[in-house]
Amino acid sequence: MAKLHAFTVYYVKRGRNHRWRCSDVTFWCVDEHLCNQWTQALKELLEMQKSRPKQLLVYINPYGGKRQGKRIYEQKVAPLFSLASISTDVVITEHANHAKDNLFEVNIYKYDGVVCVGGDGMFSEVMHGLIGRMQKDSGIDQNNPKASLVQCNIRIGIIPAGSTDCICYSTVGISDPVTSALHIIIGDCQPLDVSSVHHNNTFLKYSVSLLGYGFYGDILKDSEKKRWMGPMRYDYSGLKTFLSHHYYEGTIAYQPAKQTHGSPRDKESCRTGCYICKKSEKQLAEQTKEHGLKHEEGEEDWKVIKGKFLAINAVNMSCACPRSPKGLSPAAHLADGSADLILVRKCSRFDFLRYLVRHTNQDDQFDFPFVDVYRVKRFQFTSKLSEDNESNVMDIGKKRFGQFCRDHPACCCNIVNSTWNCDGETLDSSAIEVRVHCQLMKLFARGIEENCKDEAAYSQSRIEQLL
Ligand SMILES: Nc1ncnc2c1ncn2[C@@H]1O[C@H](COP(=O)(O)OP(=O)(O)OP(=O)(O)O)[C@@H](O)[C@H]1O
Ligand SMILES: CCCCCCCCCCCCC/C=C/[C@@H](O)[C@H](CO)NC(=O)CCCCC
Ligand SMILES: [Ca+2]
């Protein structure tokens, strides 16, 4: 028998529900020279793939979600990175803000990307570190709410190991560490809108998923005390908050997003290669070419809404997650430069439950008389309490009689403020000013792919597209 020579090709195979797996095929051949020619040609082809990362900085939160981050990375992700010849510097975080602070100190420019292993909170830390570092290096003051921010071209990869993993689920279609690792390896790139949140010309936070006041703010505040329960804390605090049924009075002012095509009531969702996000990318490039970073937005066309709200949810993306597979705004776009502002007004407990149930099924969440939704580029919120404080008409008696509104004791209208839930972190201020920055950062992802029945059908459609 002649001596056989062989080489193995590792490739990505699509599974069900947006899951990707690594598969391999081994080629055998008797001719050693031919075998070497093949491996050489394949190596050269791989070398030409400039979007694939070679060096990554990895942060692992060992305490996120079910505390499995370190194990998930070591067992499922590191072997794939090493198979793909990616070199890594790994930091296991020792305290909150470790990753964020570290990103201000290290030479980030030597990396092709930063990977976070954890949940939405861990992603938020890495995003704040990277965006903050870019602004610092470019001399841009984050405290100026009107500043045009510098885009961050160092991509972030998310290995989901948290409690909600909403950002991973909404940008990949599944919360699965191996799938996310493969998106990183093949060098996918998904731009992402980021909202900046300010109070009185002071920068508070950035947000990419949910900015929620009322229901989601109260859940978060209560659940933070129960971190030891792990992801279950949200079910416990969710039920408690639902039963308390608190309303909050305040004023919302918003500027509609006129430049984006599409509406929150659209039937189609944002998917891989989304033409609405592509149009926004083109507009952004033209704007930057014309005005550079100096472009200022007009102050025209503010709309004002006063009312009592059970929940105010501003989402930059659908916020799909395993608990809510279509998300809070199923037609929101990842990179169109706008957010969907959802106002849930005072209604009965039963009606609010009907609304919440629609987070989990196929029915239209906005088809209720007490729910309004607007696609916006900027908004401001002031609670009734801070309005009263500002105009110096605060009734001290209200304070003394505890937290319920003295004027309507039976209405559950809360005179204390709720808290803003900003991607799973609480904000210190209730009065905020929010602005969406179109495609401020990039992820190692490609958006959610259209569902295809099987791989053969997918390949066929790709061939047809290419032809
Ligand atoms: N070593 C650490 N010790 C304590 N806290 C940490 C550590 N590293 C990171 N953190 C903080 O833990 C918080 C929560 O982490 P993470 O987002 O990973 O998990 P989660 O809250 O369970 O998930 P999700 O955000 O998806 O709901 C983050 O805000 C992060 O700042
Ligand atoms: C009777 C059935 C009612 C069921 C209602 C289920 C609703 C689930 C909606 C989940 C929406 C998640 C939005 C994303 C928020 C994240 O930025 C944040 C950080 O991870 N998570 C939470 O605040 C955690 C929020 C958890 C809420 C439970
Ligand atoms: Ca958006």
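Procedures and definitions
- Residues numbered from 1 in each chain as written.
- Chains lettered and ligands numbered in written order.
- Predicted model: local features only at pLDDT ≥ 70, side-chain atom pairs only at ≥ 80, totals over all residues.
- Heavy atoms only, no water.
- Helix = DSSP H or I, 4+ residues; strand = E, 2+ residues; numbered from the N terminus.
- Buried < 20%, exposed > 50% of the residue type's maximum accessible area, 1.4 Å probe, protein only.
- Contact = heavy atoms within 4.5 Å.
- Areas by Shrake-Rupley, 256 points an atom, 1.4 Å probe, with all protein chains shown as cover.
- pLDDT = per-residue confidence, 0-100.
- Donors = N, O, S within 2.8 Å, 3.2 Å for Na, K, Ca; no water.
- Core = buried A, V, L, I, M, F, W, Y, C linked by side-chain atoms within 4.5 Å.
- Domains from an automatic or database assignment.
- Right-handed = clockwise from strand over helix to strand, strands pointing away.
- Pairing = 2+ DSSP bridges.
- Near = heavy atom within 4 Å.
- Polar contact = N/O pair within 3.5 Å; in protein donor to acceptor, adjacent residues only side chain to side chain.
- Salt bridge = Lys/Arg side-chain N within 4 Å of Asp/Glu carboxyl O.
- Patch = residues over 30% accessible without salt bridge, like charges linked within 9 Å, V, L, I, M, F, W, Y side chains within 5 Å.

## Side note on the overall build of the protein
Step number 1: Looking only at helices and strands, the protein has 13 helices and 17 strands in total.
Step number 2: Considering the protein as a whole, with its 467 residues, one finds that 52% of them fall into the buried category.
Step number 3: If you take every contact in the protein between residues at least 6 apart in sequence, the share linking residues at least 24 apart comes to 78%.
Step number 4: As displayed, the protein has an accessible area near 23,000 Å², and 52% of this comes from carbon and sulfur atoms.

## Digging into the confidence of the model for the protein
One rule of thumb: low pLDDT means the predicted coordinates there are not for detailed reading.
Step number 1: In this model, the protein carries an average pLDDT of 91, and 90% of its residues clear a pLDDT of 70 or more.
Step number 2: Note on residues 392-408: pLDDT is under 50 here. Beyond four places in sequence and across chains, it has 26 contacts.
Step number 3: Here residues 463-467 is a poorly scored stretch, pLDDT under 50, and it has zero contacts once near neighbours within four places are set aside; other chains count.
Step number 4: Interface confidence for the predicted complex, given as ipTM, is 0.96, next to a pTM of 0.91.

## Digging into the coordination of the calcium ion (ligand 3)
Step number 1: Taken together, D193 (OD), N316 (O), H333 (O), D336 (OD) and S338 (O) make up the full set of protein donors to the calcium ion (ligand 3), lying 2.3 to 2.7 Å away.
Step number 2: All donors to the calcium ion (ligand 3) come from one chain, and their sequence spacing reads D-x122-N-x16-H-x2-D-x1-S. Both residues of the pair, H333 and D336, count as buried.

## Section: the nonpolar core
Nonpolar side chains tend to gather and get buried jointly when the protein is soluble and globular.
Step number 1: In this structure, Y59, F123, M127, I156, M441 and L443 are the most contacted members of the largest nonpolar core, which totals 44 residues.
Step number 2: In terms of domain composition, this core takes at least three residues from each of domain 1 (51-189 + 444-467) and domain 2 (200-290 + 304-438).
Step number 3: Those residues within four positions of L443 in sequence are excluded, and the remaining contacts are F123, R155, I156, I158, I167, T171, D188, C189, Q190 and L192.
Step number 4: The next biggest cluster of nonpolar side chains, apart from the first, holds 26 residues, and it includes C166, I342, Y355 and F368.

## Considering the pairing of strand β3 (residues 55-60)
Step number 1: In terms of residue burial, β3 counts as a mostly covered element, since five of its six residues are buried.
Step number 2: The parallel pair β3 and strand β4 (residues 87-92), bridged by helix α2 (residues 69-83), forms a crossover whose chirality is right-handed.
Step number 3: Where β3 lies against strand β5 (residues 113-118), five bridges are found, and the strand directions are parallel. Looking across to β5, one finds that V58 is bridged to V115.

## Description of the site of ligand 1
Step number 1: Lining the immediate environment of ligand 1, one finds 23 residues, of which T93, G119, G121, E125 and S163 sit closest.
Step number 2: Between ligand 1 and G119 there is a distance of 2.7 Å, counted from an oxygen atom to a backbone nitrogen or oxygen.
Step number 3: In this structure, an oxygen atom belonging to ligand 1 sits 3.0 Å away from a main-chain N or O atom of D120.
Step number 4: Isolated, ligand 1 exposes 630 Å² of accessible area, and the fraction of that covered by the protein chains is 88%.
Step number 5: Elements that contribute at least two residues to the shell around ligand 1 include exactly α4 (120-137) and α8 (233-244).
Step number 6: In terms of residues, the shell around ligand 1 owes the most to one element, α4, which gives four residues.

## Some points on unusual backbone geometry
Leave glycine aside and you will find that most residues have negative phi; peptide bonds, for their part, are mostly trans.
Step number 1: Backbone geometry at H18 places phi at a positive 70°, although glycine is not the residue there.
Step number 2: Its location among the elements puts H18 in the loop between β1 (5-14) and β2 (20-29).
Step number 3: Phi is positive for D165, which is not a glycine, with a value near 50°.

## Things to note about the pattern of salt bridges
Step number 1: For the structure on display, the rule yields 18 salt bridges.
Step number 2: A salt bridge links K54 to E47; the shortest N-O distance between them is 3.9 Å.
Step number 3: For the salt bridge of E74 with K70, the shortest nitrogen-to-oxygen distance reads 3.4 Å. Pair noted here: E74 and K70 are both in helix α2, with a separation of four residues, about one helical turn.
Step number 4: Residue classification places E74 among the partly exposed residues on the basis of a relative accessible area of 45%.
Step number 5: Taking the relative accessible area as the measure of exposure, K70 reaches 36% and is therefore partly exposed.
Step number 6: Through salt bridges that share partners, R14, D188, R446 and E449 make up one connected network.

## Things to note about a nonpolar patch on the surface
Step number 1: Together, L4, W28 and V30 make up a nonpolar patch on the protein surface, roughly 360 Å² of accessible area in all.
Step number 2: Along the chain, the position of V30 falls in the loop between β2 and α1 (32-47).

## So, the domain arrangement of the protein
Step number 1: Domain parsing of the protein yields domain 1 (51-189 + 444-467) and domain 2 (200-290 + 304-438).
Step number 2: The interface of domain 1 with domain 2 comprises 29 residues on the first partner and 30 residues on the second.
Step number 3: For the side of domain 1 that touches domain 2, the secondary-structure elements that each account for two or more residues are α4 and α5 (166-172).
Step number 4: The leading source of residues in the side of domain 1 that touches domain 2 is α4, at seven residues.

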